[in-house]
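Here is how the chains run, residue by residue.
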Amino acid sequence: MSMISRLGVRMVVAAVAFGLALPAQAVGFFVDGFELAFGTPATDAEAARFLNQATFGATAASIPQVRASGIPAWIDQQIAAPSTLSRPFLETLAVSENTAGNSLSQSHRVHRWVDVAVTGNDQLRQRVAWALGQMVVASDQDAGLSDEVVMMAEWNDLLVRNAFGNYRTLIAETVLSPMMGRYLTHLRNRKFEIEPRCYDQRPPLNDDTDVNLAGLEYHTCTGSDATNNATLTPRIARYRLPSSGLVAPDENFARELMQLFSIGLVQRESNFDPIIDPNTGLGTPTYNQFTVTVLSRVLTGLSYACSGNRTVAGRAINRTCGCTGTDCSFNTGNFFSTPPSLAINEQGGLVHPDRYESMICYPRYHDTGRDRAGFQLPGSVPTSPPGATIDLAVGESIPGGTPGPVKLIELGGAAPLSLNEVSPGLAVGTAINCDALNGASPTASKTTCLSYCNSGVDAAINLLFNHPNTAVMVARQLIQRMISSNPSPAYIQRVAAAFANNGLGVRGDMQAVVKAVLFDLEARRPLGDPANAVDAGKTREPLLKMIQVWRSFGATPATVPYRRWARFAGGCSSFSWPQCAYQQRPLGAPSVFNFYEPDFQTPGPISDLNLVSPELQIINESTAILGANDIYNQVCAGRGTGSNHNCHGPLRTPLPTDHAWFPDAALDGLPGGNCGTTCTTTNDADLIEVINVRLFGGAMSGTLGDLNNPGNTTLNTGTRGVLYRLLRTVLTGTFGEAVAQNTRRREVLYLLHLAAISPEASNQR
Amino acid sequence: MSKILTSRRAFLQAGCGVVACGGAQALFPQLGLIPAALAGTPAAGYKALVCLYLDGGNDAWNMLIPGGDAAHTKYVAARNGIYNPTAGNGGGLALPRHTGAGFVSGQTPPSSLSIAGGQYGVNSFCPEMATLYGQGRLAFLPNIGPIVEPTTVAAFNNRRRPPQLYSHNDQTNLWHIGSGSSTQVTQGWGGKVVGRVALPASATNGLPPTITLSGQTRFLSGVEDGGVPLFSFALSTSGTAPATSLTNYGSTNATANQFQIERRAHLQQLLDAASPQAFSNEYRSIVDRSLQLADFVINPAIAGIPAPDPVNGGGSTGFVWPSGNSLADQLRQVARMVRISTTQPDNAGFVSPIGANRQVFFVRLGGFDTHDGQITSTGATGHHLLLQRVSQAVDSFYKAMLAIGRSNDVTLFSASEFGRTINSNGNGSDHAWGSLQFVVGGAVNGGNVYGRYPTIVLNNSLTGSVSDGANQGECFQRGQFIPTTAVDQLGATLARWMGVSDVDIPTIFPNIDNFVTGPFANPVSSPSFANFSRIVPGLMNGVA
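Residues numbered from 1 in each chain as written. Chains lettered and ligands numbered in written order. Predicted model: local features only at pLDDT ≥ 70, side-chain atom pairs only at ≥ 80, totals over all residues. Heavy atoms only, no water.

S.K.: Can you help me understand the overall build of chain B in this one?
M.R.: When helices and strands are counted, chain B shows 10 helices and 14 strands. Here chain B holds 544 residues, and the buried ones make up 63% of them. Long-range pairs, those at least 24 residues apart, make up 70% of the contacts in chain B between residues at least 6 apart in sequence. Just so you have it, chain B exposes about 17,300 Å², and 53% of that area is on carbon and sulfur atoms. (Helix = DSSP H or I, 4+ residues; strand = E, 2+ residues; numbered from the N terminus. Buried < 20%, exposed > 50% of the residue type's maximum accessible area, 1.4 Å probe, protein only. Contact = heavy atoms within 4.5 Å. Areas by Shrake-Rupley, 256 points an atom, 1.4 Å probe, with all protein chains shown as cover.)

Below is the structure:
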């Protein structure tokens, strides 16, 4: 441990990058016997505060559990807990829903996500996956994914699986994911295609007939004119675009892979400070447009795999591939083939697993620096910024970074990556032409071409993964999602160091990173510790506040035909919940820039204090009230009178069948919850306290210093005082309820809702 | 195969090198360099700006296409031919000429609509825009975009240019900021304009002069007179309660029982208690402001307007608001807000609880990032459906302003982060730079094209070789046009119209004189650039 702490971050990164083994006595940061400051919560409130950071909400059961085990052991148990996935569940559900005459919809997936968040055992994994999904964003708010329920469920599971894995694996699976391929349009991304035209070499020379049309003055390079009846090597006169027009790599994914999923826009120190270019006074960029163009050339040739007949949820989904194993990479028809879906009872849901399993390389469409006929392309290593071109013919050109023998990717501050073409050669027939291969081609050629494609993608991933920026970008965003919007630079640096090296020489170990986030003193120091910054913590994500209310206070889902949660009312429907109320939707961000941006600053006091407030980007006059109204709708679901459920009456019978509700037993089981119409001052104080512990993590302001005189505002202060006065002086009498406990249940829910929409509850500290 | 070079080359960021990024304007918020606000003067009367943001990068070269025979032919060639899947050209992005050239019934999209004597054609799905142009109420601005100083293809490496070209959020920020040097500026020109000329929220019953129908936006961020920060107020598109009201808390609920009213009172106690913590405090003020304005100002005012209110269309007004059109929903709300924001003598004795003098609104329509599926049929689908929605919504909005007598006082302008590549990527287009926008209103000298409509070709440089006689505009290899009108210039024109004095313009648009007195602000250095002036001359009544 001490040796690691003496090594700077850069040296350790260098050691990893050059493959040096660390000495045997290097140990992981966090091993048995490690004593974590504040590692055993001293109070229920501190335990809940931790659980509100590490789970979707503290519960009556989890608070004593973490107090008994201590935080490190609790985290280890969570890491060991089996993962709760969505896709297999939804595939099984698809069969039963289809049989009943319903298609599988995104609403099914959203309810499943809510169910796992509220009731799943692997809470920490799911919370981390939720954070990762806001960094590496794919979304069903996209024409290519809005109808793909199983694909989005698999994207969810990809995040869940990788939450405690390695970040490089997450990036690699993202690059090969058809979901990301559709979202950022690198599915079926194709290399530049240009066509060589050659000089006439057959006597009589220069008798070309097509003299007026640029580009057609010359001949097909494999034709008899160009080769003088196959006696001469063809000589390229110029290139032209295919008759169907430009085929060029789409740059969408290459850009976001760098900007959002790994290195970001500006070079950073390991504490997130930007590295300023002294010439401009601005942050030194990590990449430029040329890098995007070249990276997009690397990310070409990826499309769905073809794995033949498969069985999903007991149903056969067949697919004819015409190939087996790696030979499928040379069946170019499959590049354009979309794996089928399976309708049951004329309803949709199941799809062939090729639709969501990793894509494969198709060398025919992957950029090798050679054209279709096998000639090396004309570009040389470009030195010019965007605007440079390679002229093909008059009026035709292809963009800067165009194919040449070398693809050079340079990132600011990092070692450049250089990829050479498959093998050198200028003429047809002197080198492997990956375009012309099929399943019957020589094995050595197929291996070379496939390996070139795969290793190019791998090398690009390595370049981005190993860039120092990636550690600090991941560290900062994970802290922002779980702990605090404005971590100190030192906190970011500590977490980035854990990313760079988990203590055992491994870079990108998410378990080490998550532990570094949660164990850090800045996260663990108790509330009220004077060393805490005033503005530590974060605004809660609006959706997560509702999830917590369900989880922390014991709501139960509907059960038939599957566990459903949300009640759709107040302008929300099965298509629009939850974004209608919370501006957030599981795997449904409005764009690849997530629901809010990491650097958003609310104008006014927050920006004056130089704080960022990402979640406040989606909380405004309209949305704050929409959220408050939906919370009321969900809290009072199944209760009250009239068509709008409300808390003005008891739980209805029969019980709800298609949405969640708070069972009477859950409310009665709260401290101070079961006293009917004869509740004492202690009962009311206890009820307020349990809300403070579970929902506020102990942060509720004020004290109750004079229980017998609720109106004593000198001694009954803060939010506590207001809530106490509400219970003791306003919510009195029977409310007309015949059953005394029904009165109390209504009081509990009124109190819970008011607490949930209070300013202090909008914060997680 | 893959080889990591061991020698590191000095990394020169071509996108932001020594001379590239706006000089020394370091505006990182943490360096505390938010420009100090000059004292403003509330302007007389009422005017409003509406920013219509087309999110994703609108392919506006298909909103207004070339109309001349030669120009249209070049356009068709550059855009990979007229869209015609039946003839095997499903990847083509070009549209038929207004004369019908290229139109094949049932196979291609309809011919464009002639304006300006046939010099241009408006997309056939935007007939309302063509009509407004003909009425002199709509103007087009071709080849406008974020730019730091006039530049050319030949001089591209030697002049300053905006950072992070082709990146959505950066270019969006530059449009909102109103100058092209840095994306780090925290305020937008909409907020800065009202900061100069609008009454503060304290004088308009708490309603700020900046109002959004589509989320927080940098465009509306600014400071009021004296440096008080400006909060933009968010409205919903709800017909009954545009200022969202808290349900079941007894504020405006007519059947509220005693407990609802008291619960509301206790909520108010929580909202009245300031917190030492900035995040809780912000949430507190958001909710408090929202409830006050909703329950006591906006919703009662809207409900209190005597019916039938012409702003809602129908009846004898001669227009209706289109349904199923989220942009129309937003603009209808803007129209209602304009209605209630001032006391108008014709409004049957309605006294506005707001009394605003200047307002800036923000509305947005998404879906314009048409990398895929830009044209998917001959009908109103894909990009054409979006354009149709824009045209119909803007038309209804203008007619609503006419109906309430505010057409001369309200100006709507479009904005979008960039245009799109001229040539196809197979079934769509990718990110480019200069695009085309439009401005609508009674104060607009419409029926004109302000700026230089470029020849639509690929890879044109006037300062090098000329391609195929293309003599307007310069672009890169996929038709990414270098803007010949700056966002700053449009912003300055609208700011002047709103009452900002010419002397204050550089405070809001610090680069504005790069286009007037700067070293490249002359036809020799920058042959394509449209106007070497702070404003777009002639665009707005009264702004010369």
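Moving on from the model shown.
S.K.: Sorry if this is basic, but what is going on with the overall build of chain A here?
M.R.: Looking only at helices and strands, chain A features 28 helices and 15 strands. Looking at the 765 residues of chain A, the share that counts as buried comes to 63%. Accessible surface computed for chain A: about 26,100 Å², of which carbon and sulfur atoms make up 53%.

S.K.: Got a minute to help me understand the pairing of strand 11 (residues 358-365) of chain B in this structure?
M.R.: Remember that side chains alternate between the two faces of the sheet whenever the strand is regular. Residues and elements named next belong to chain B. By the criterion of burial, strand 11 is predominantly enclosed, with 7 of the 8 residues buried. In the sheet, strand 2 (residues 47-54) pairs with strand 11 via 8 bridges, with the strands oriented parallel. Bridging across to strand 11, Leu-54 finds its partner in Leu-365. (Pairing = 2+ DSSP bridges.)

S.K.: I keep staring at unusual backbone geometry and nothing clicks. Help me out?
M.R.: Going from Val-560 of chain A to Pro-561 of chain A, the amide bond is cis rather than trans, its omega being -5°. As for its placement among the helices and strands, Pro-561 of chain A is situated in the loop between helix 21 (542-552) and helix 22 (579-582). The residue after Thr-653 of chain A, namely Pro-654 of chain A, is reached through a cis peptide bond having omega -5°. In this structure, Ala-230 of chain A is a non-glycine residue whose phi angle is positive, near 65°. Relative to the elements of secondary structure, Ala-230 of chain A occurs in the loop between helix 12 (224-227) and strand 3 (236-240). Phi at Tyr-166 of chain B takes a positive value of approximately 75°, unusual for a residue other than glycine. Inspection of the secondary structure puts Tyr-166 of chain B in the loop between strand 6 (138-145) and helix 3 (168-177).

S.K.: Help me understand the pairing of strand 12 (residues 406-409) of chain A in this model?
M.R.: Residues and elements named next belong to chain A. A two-sided burial pattern is seen for strand 12, the buried positions comprising Val-406 and Leu-408 on one face and Lys-407 and Ile-409 on the other. Two elements, strand 12 and strand 13 (residues 417-420), share 4 bridges in a ladder whose sense is antiparallel. Counterpart to Lys-407 in the pairing with strand 13 is Leu-419.

S.K.: Could you clarify how one ought to interpret the sheet that holds strand 5 (residues 120-122) of chain B in this entry?
M.R.: Neighbouring strands of a sheet are bound in pairs by backbone hydrogen bonds; such pairs are parallel or else antiparallel. All names here are of chain B. Strand order in the open sheet formed by 3 strands is 3-5-4, with antiparallel pairing between adjacent strands. For this open sheet the edge positions go to strand 3 (64-66) and strand 4 (113-115), each flanked by a neighbour on one side alone. Averaged over all neighbouring strand pairs, the angle between strand axes comes to 40°, with direction disregarded. Two elements, strand 3 and strand 5, share 3 bridges in a ladder whose sense is antiparallel. Directly across from Pro-66, in strand 5, lies its bridge partner Tyr-120. (Axes fitted to C-alpha atoms, helices over the stretch in contact; angles between N-to-C directions.)

S.K.: It is not clear to me how the pattern of salt bridges should be interpreted in this structure. Could you clarify?
M.R.: It is possible for side chains of opposite charge to pair when their charged atoms get near one another. Under the counting rule described, the total for this entry stands at 54 salt bridges over all chains. Between Arg-202 of chain A and Asp-225 of chain A there is a salt bridge; the shortest N-O distance is 2.8 Å. With Arg-202 of chain A in the loop between strand 1 (195-198) and strand 2 (219-220) and Asp-225 of chain A in helix 12, this pair connects stretches of sequence that are 23 residues apart. Here Glu-621 of chain A and Arg-289 of chain B are joined by a salt bridge, their closest N and O atoms 3.0 Å apart. Note that Glu-621 of chain A is positioned in helix 24 (residues 621-635) and Arg-289 of chain B in helix 6 (residues 278-304), a pairing that runs across two chains. You can call Glu-621 of chain A buried: its relative accessible area is 2%. Residues joined by salt bridges that share partners form a network here, namely Arg-87, Glu-91, Glu-154, Arg-161 and Glu-173 of chain A. (Salt bridge = Lys/Arg side-chain N within 4 Å of Asp/Glu carboxyl O.)

S.K.: I tried to follow the state of the cysteines on my own but got confused; where do I start?
M.R.: Cysteine pairs can be linked by a disulfide, which is a covalent bond between their two sulfur atoms. Residues and elements named next belong to chain A. Applying the stated criterion across every chain, the model contains 8 disulfides over all chains. With its sulfur 1.9 Å from that of its partner, Cys-572 forms a disulfide with Cys-580. Looking down the S-S bond of the Cys-572 and Cys-580 bridge, the torsion is 115°, so its handedness is right-handed. Here Cys-636 pairs with Cys-647 through a disulfide, and the sulfurs are 2.0 Å apart. Note on the Cys-636 and Cys-647 pair: the S-S dihedral is about -100°, so by sign convention the disulfide is left-handed. Of the two residues, Cys-636 is situated in the loop between helix 24 and helix 25 (664-668) and Cys-647 in the loop between helix 24 and helix 25; the sequence distance between them amounts to 11 residues. A relative accessible area of 0% means that Cys-636 is categorised as buried. A residue is classified by how much of its surface remains accessible, and Cys-647, at 1% relative accessible area, is buried. (Disulfide = S-S within 2.5 Å.)

S.K.: It is not clear to me how the sheet that holds strand 2 of chain A should be interpreted in this structure. Could you clarify?
M.R.: Residue and element names in this part refer to chain A. A sheet is described by the order of its strands in space; here 3 strands give the open sequence 2-1-3, paired in antiparallel fashion. On the outer flanks of this sheet lie strand 2 and strand 3, each paired with one strand and no other. In this sheet, strand 3 lies alongside strand 1 in antiparallel orientation, the contact comprising 4 bridges. Its bridge partner lying in strand 3, Glu-195 is registered against Arg-240.

S.K.: In this structure, what is going on with the nonpolar core? I would like to understand it.
M.R.: Within the largest apolar cluster, 205 residues are counted, with the highest numbers of intra-cluster contacts made by Tyr-167 and Trp-550 of chain A. Among the elements that line this core, the one with the most residues is helix 16 (residues 443-466) of chain A, at 11 residues. Leu-331, Phe-350, Ile-354 and Val-363 of chain B belong to the second-largest nonpolar core, a separate cluster that totals 82 residues. (Core = buried A, V, L, I, M, F, W, Y, C linked by side-chain atoms within 4.5 Å.)

S.K.: Even after reading the chapter, I still don't get the environment of Trp-577 of chain A, so can you show me in this structure?
M.R.: Residue and element names in this part refer to chain A. In this structure, Trp-577 sits in the loop between helix 21 and helix 22. Linking Trp-577 and Ala-490, residues 87 residues apart in sequence, is a C-alpha distance of 39 Å. Those residues in contact with Trp-577 that sit more than four places away from it in its chain are Val-110, Val-114, Trp-550, Ala-566, Phe-568, Cys-572, Tyr-582, Arg-585, Asp-630 and Gln-634. Only 3.2 Å separates the side chain of Trp-577 from the side chain of Asp-630, close enough to count as a polar contact. (Polar contact = N/O pair within 3.5 Å; in protein donor to acceptor, adjacent residues only side chain to side chain.)

S.K.: Before we go on, may I ask you to explain helix 21 of chain A in this structure?
M.R.: Every α-helix carries 3.6 residues per turn, so stepping three or four residues along brings you back to the same face. All names here are of chain A. Among the 11 residues of helix 21, 11 are classified as buried, and the element is accordingly described as predominantly covered. Among all positions of helix 21, only Pro-542, Leu-543, Leu-544, Lys-545, Met-546, Ile-547, Gln-548, Val-549, Trp-550, Arg-551 and Ser-552 are buried. Phi turns positive one or two residues past the end of helix 21, at Gly-554, with a value near 80°.

S.K.: It is not clear to me how the packing of aromatic side chains should be interpreted in this structure. Could you clarify?
M.R.: The description of two aromatic rings rests on the distance between their centres and on the angle between their planes. Going through the model one piece at a time under the given rule, you end up with 32 aromatic pairs over all chains. Note on Phe-50 of chain A and Trp-74 of chain A: the rings are 5.3 Å apart at their centroids and 85° apart in plane angle, and the pair reads as edge-to-face. Remark: Trp-74 of chain A occurs in helix 5 (residues 71-80) and Phe-50 of chain A occurs in helix 3 (residues 44-54); sequence separation between them is 24 residues. Overall, the relative accessible area of 0% leaves Phe-50 of chain A in the buried class. Between Trp-577 of chain A and Tyr-582 of chain A, the ring centres sit 6.5 Å apart and the planes meet at 90°, which makes this aromatic pair edge-to-face. By the burial criterion, Trp-577 of chain A is buried, and Tyr-582 of chain A matches it. Taken together, the aromatic side chains of Tyr-53, Trp-189, Phe-219, Phe-362, Phe-413 and Phe-509 of chain B make up a single cluster linked through ring pairs. Sitting over the ring of Phe-272 of chain A, Arg-268 of chain A keeps its end group 3.9 Å from the ring centre. (Phe/Tyr/Trp six-rings, centres within 6.5 Å; stacked < 30°, edge-to-face > 60°. Lys NZ or Arg CZ within 6 Å of the ring centre and 35° of its normal.)

S.K.: Explain the side chain of Ser-245 of chain B to me, please; I cannot follow it from the model alone.
M.R.: Here Ser-245 of chain B shows up in the loop between strand 10 (233-234) and helix 5 (258-272). A relative accessible area of 15% means that Ser-245 of chain B is categorised as buried.

S.K.: For this particular structure, what's the right way to read helix 19 (residues 510-519) of chain A?
M.R.: All names here are of chain A. When you tally the buried positions in helix 19, you get 9 out of 10 residues, the bulk of the element. Along helix 19, the residues classified as buried are Met-510, Ala-512, Val-513, Val-514, Lys-515, Ala-516, Val-517, Leu-518 and Phe-519. N-capping of helix 19 is provided by Asp-509, with a side-chain oxygen placed 3.0 Å from the backbone N of Gln-511.

S.K.: Can you help me understand the confidence of the model for chain A in this one?
M.R.: Close reading of the predicted structure is inappropriate where its pLDDT is low. All names here are of chain A. Overall, the predicted model of chain A reaches an average pLDDT of 89, with 89% of residues at or above 70. Note that residues 211-215 has pLDDT below 50 and, in this model, 5 contacts with residues that lie over four places away or in other chains. Of the regions scoring below 50 in pLDDT, residues 381-388 engages in 14 contacts with residues more than four places distant in sequence or in other chains. (pLDDT = per-residue confidence, 0-100.)

S.K.: Sorry if this is basic, but what is going on with the packing of helix 6 of chain B against helix 7 (residues 326-341) of chain B here?
M.R.: Any two packed helices are characterised by how steeply their axes cross, that is the angle between the axes, and by the distance between the axes. Residue and element names in this part refer to chain B. For the pair helix 6 and helix 7, the least separation of the axes is 10 Å and the interaxial angle reads 95°. The angle between the axes of helix 6 and helix 7 places the two elements in the roughly perpendicular class. Contact residues: Ile-298, Ala-301 and Ile-302 in helix 6; Arg-336, Met-337 and Ile-340 in helix 7. Classifying every residue of the contact of helix 6 with helix 7 by side-chain character gives 5 nonpolar, no polar and 1 charged. (Parallel < 35°, antiparallel > 145°, perpendicular 65-115°, else oblique. Nonpolar A, V, L, I, M, F, W, Y, C, P; charged D, E, K, R; others polar.)

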